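Okay, here's what each chain looks like letter by letter:
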Amino acid sequence: MGRRMKKRKQAQSVGAAKSPDKPDDQAMRDSVERAKELAMRAASAEPFPIFASQADAEAYSEKVGDMYYECCYWLEGQLNMCLMAMHDLYASAPPTKRPGMQTGLVREIICPEGWPSHPKTLVFTLMTCARFRREDTCHAYTVNEAMTAWDLESQHDSTLGDFTFDRKTFELSSSEVEKARCALLRLCDWIESRLHYGTHVGWYRSPDCYCDNLDKVHLANIGTAQRHIAKFSERDRKRWEGIHERAAAKHKTDLKTWGTVGKVQHDPEPRMWTHPEVDARIIGLWPLVLRYNWTHTDLLKVLDKLLPPPPDGNDRRYPLDSVESLKVHCRTLCGLTKSTKGKSADGLPEGWQIAERLFPRNGK
């Protein structure tokens with residue numbers, strides 16, 4: 001893990017520069033007031049800005065009197081590093097055995113032990129996430145999905161996110177700091193689940209994105225994005241165009257390598273994926289498995305409730321035909337294991353209502 005962290009710190013990810021660790025009090029207060037005004041206007045707002053560097057983000061924040069943009073740049077950089085780390089885990093593992101996933105990687109990158117040195121940053125980071133989720137850009141979609149799950153869980157567990165702070169100064173009492181940190185750590189768990197699922201989908205649908213040739217990986221990702229570019233927001237489309245242009249200039253003398261873009265765009269040659277609906281629910285519910293210490297028996301009961309019944313009254317097939325099959329599937333194909341033993345519930349386990357709202361039987 002130490003090597004991975006060193007590699008992440010050295011990575012030239014967008015926004016991976018300094019953390020907004022000691023924000024100016026007045027700037028934070030001004031930003032909160034603007035957040036109240038702007039958070040509900042995302043649909044009619046201009047596209048979220050594209051920044052070339054942390055300095056650009058800081059300059060823009062100062063210009064508009066809203067440090068939200070500076071914090072967003074930092075957040076997007078952290079999410080980029082999370083994605084890079086998950087990609088490397090999938091790419092380096094043998095096809096028949098998945099590496100350990102959802103082990104706290106996002107916590108380690110976004111909210112490591114001892115961070116932040118200034119408790120106010122906890123509040124502002126959570127507020128930034130709550131506002132950023134409404135933006136029309138790729139990382140915002142992930143944050144929105146994670147916060148939706150977090151919101152549902154907090155409705156079930158009133159202690160989650162139950163902290164108070166001074167809205168003028170952002171001051172937290174010593175007893176509230178740990179509550180705020182727990183709220184951010186839990187949000188990290190849900191973000192990790194969503195990033196894991198995206199990585200899992202990509203491994204099946206675009207195998208070239210996970211090969212050992214880094215140039216090919218980069219071009220395959222460009223081709224994969226081009227395949228779906230009609231659905232991109234204006235901001236994401238502009239970012240893709242810049243990446244595409246730089247890659248085209250780099251590979252203009254190597255048309256064979258450049259051909260990877262077109263090949264993946266038109267035919268990514270996906271791997272056979274036999275249990276996509278099951279995998280989506282296992283990966284999406286794993287934060288609940290860990291928080292409420294579900295056994296695989298508990299998970300099997302929840303999956304049986306969430307998934308449509310087999311046709312003609314038949315028995316469930318692998319991996320839902322037995323607890324042992326499910327356990328093997330979680331470990332080998334989803335990379336998910338538990339380090340603590342639990343006691344199976346007599347009926348459905350605690351927290352199953354959250355799972356039902358996240359994955360209603362009639363939809364994904």
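### Details of a positive patch on the surface
Together, K97, K327, R331 and K341 make up a region of like positive charge exposed at the surface. Structurally, K327 can be placed in helix 14 (residues 323-332). Residue classification places K327 among the partly exposed residues on the basis of a relative accessible area of 38%.

### A word on helix 10 (residues 234-250)
Here helix 10 is 17 residues long and its end C-alpha atoms lie 25 Å apart, about the 24 Å a rise of 1.5 Å per residue gives. Here helix 10 has its buried residues at R235, D236, W240, G242 and A247. Looking straight down helix 10, one finds its buried side chains confined to an arc of 155°; they lie on one side. Where helix 10 is buried, its residues touch helix 4 (68-92), helix 7 (138-156), helix 9 (214-227) and helix 11 (255-266).

### Looking at the nonpolar core
Most often, soluble globular proteins keep nonpolar side chains buried together rather than apart. V106 and I282 are the most contacted members of the largest nonpolar core, which totals 85 residues. In terms of residue count, helix 4 provides more of this core than any other element does, 14 residues in total. In this structure, V106 is in contact with C82, M86, C111, C188, I191, E192 and L195, ignoring residues within four places of it in sequence.

### Describing the pattern of salt bridges
Under the definition given, this model contains 20 salt bridges. Where K120 meets E171, a salt bridge forms, and the shortest distance between an N and an O atom there is 3.3 Å. In this pair, K120 is assigned in helix 6 (residues 120-132) and E171 in the loop between helix 7 and helix 8 (174-205), connecting sequence segments 51 residues apart. Since its relative accessible area comes to 43%, E171 is described here as partly exposed. The shortest N-O distance in the salt bridge between D215 and K250 comes to 3.3 Å.

### A closer look at the packing of aromatic side chains
Evaluated as defined, the whole model comprises twelve aromatic pairs. Between the aromatic rings of Y60 and Y69, the centroid separation amounts to 5.0 Å while the plane-to-plane angle is 85°, which identifies the pairing as edge-to-face. Of the residues examined, Y69 reaches a relative accessible area of 12% and is grouped as buried. Between the aromatic rings of Y68 and Y69, the centroid separation amounts to 5.1 Å while the plane-to-plane angle is 70°, which identifies the pairing as edge-to-face. Residue Y68 shares its accessibility class with Y69, and that shared class is buried. One cation-aromatic arrangement involves R131 over Y68; the distance from NZ or CZ to the ring centre is 3.8 Å.

### Some details on the confidence of the model for the chain
Summing up the model confidence of the chain, the mean pLDDT is 87 and the portion of residues at 70 or higher is 87%. Scored below 50 in pLDDT, residues 1-18 makes 36 contacts in the model with residues more than four places away or belonging to other chains.

### A few points about unusual backbone geometry
Omega for the bond connecting W115 with P116 falls within 30 degrees of zero, at -5°, which places this linkage in the cis form. With respect to the secondary-structure elements, P116 resides in the loop between helix 5 (105-110) and helix 6. Phi at Q102 takes a positive value of approximately 55°, unusual for a residue other than glycine. When its relative accessible area of 9% is taken as the criterion, Q102 is described as buried. In the Ramachandran plot, N293 falls in the positive-phi region, its phi being about 55° despite a non-glycine side chain. Relative to the helices and strands, N293 is located in the loop between helix 12 (276-291) and helix 13 (296-306).

The rules behind each value
Within every chain, residues take consecutive numbers counted from 1 along the sequence as written. Per-residue local features are limited, in this predicted model, to residues with pLDDT of at least 70; the limit for side-chain atom pairs, both in listing and counting, is 80 or more; totals at the level of whole chains, interfaces and linings are taken over all residues. Side-chain numbers here rest on the full set of heavy atoms in the structure, without hydrogens or water. Like charges are joined within 9 Å and nonpolar side chains (Val, Leu, Ile, Met, Phe, Trp, Tyr) within 5 Å, but only among residues with over 30% relative accessible area and no salt bridge; these make up the patches. Working definition of accessibility: Shrake-Rupley area with a 1.4 Å probe, residue cover restricted to the visible protein chains. In the sections that follow, a salt bridge refers to a side-chain nitrogen of Lys or Arg positioned within 4 Å of a carboxyl oxygen of Asp or Glu. Counting rule applied: Lys, Arg positive; Asp, Glu negative; His and chain ends not counted. Every charge is mapped to an atom, namely NZ of Lys, CZ of Arg, CG of Asp or CD of Glu. Secondary structure elements follow DSSP: runs of H or I no shorter than four residues count as helices, runs of E no shorter than two count as strands, and numbering proceeds from the N terminus. The cut-offs for exposure are 20% and 50% of the maximum accessible area for each residue type, with area from a 1.4 Å probe on protein chains only; residues under the lower value are buried, those over the upper are exposed, and the others partly exposed. Here, expected helix span is obtained from the residue count minus one, scaled by 1.5 Å. By construction, the arc corresponds to the directions joining the helix axis to the C-beta atoms. Contacts were defined at the residue level, with two residues in contact if any of their heavy atoms lie within 4.5 Å. We define the nonpolar core as a collection of buried residues of types Ala, Val, Leu, Ile, Met, Phe, Trp, Tyr and Cys that are connected through side-chain atoms lying within 4.5 Å of one another. Working definition: rings of Phe, Tyr and Trp (its six-membered ring) pair if their centres are within 6.5 Å, and the pair is stacked with planes under 30 degrees apart, edge-to-face with planes over 60 apart, and tilted otherwise. Geometrically, a charge over a ring is one whose NZ (Lys) or CZ (Arg) sits within 6 Å of the ring centre while staying within 35 degrees of the ring normal. Looking at any residue, its pLDDT shows the predictor's confidence there, from 0 to 100.

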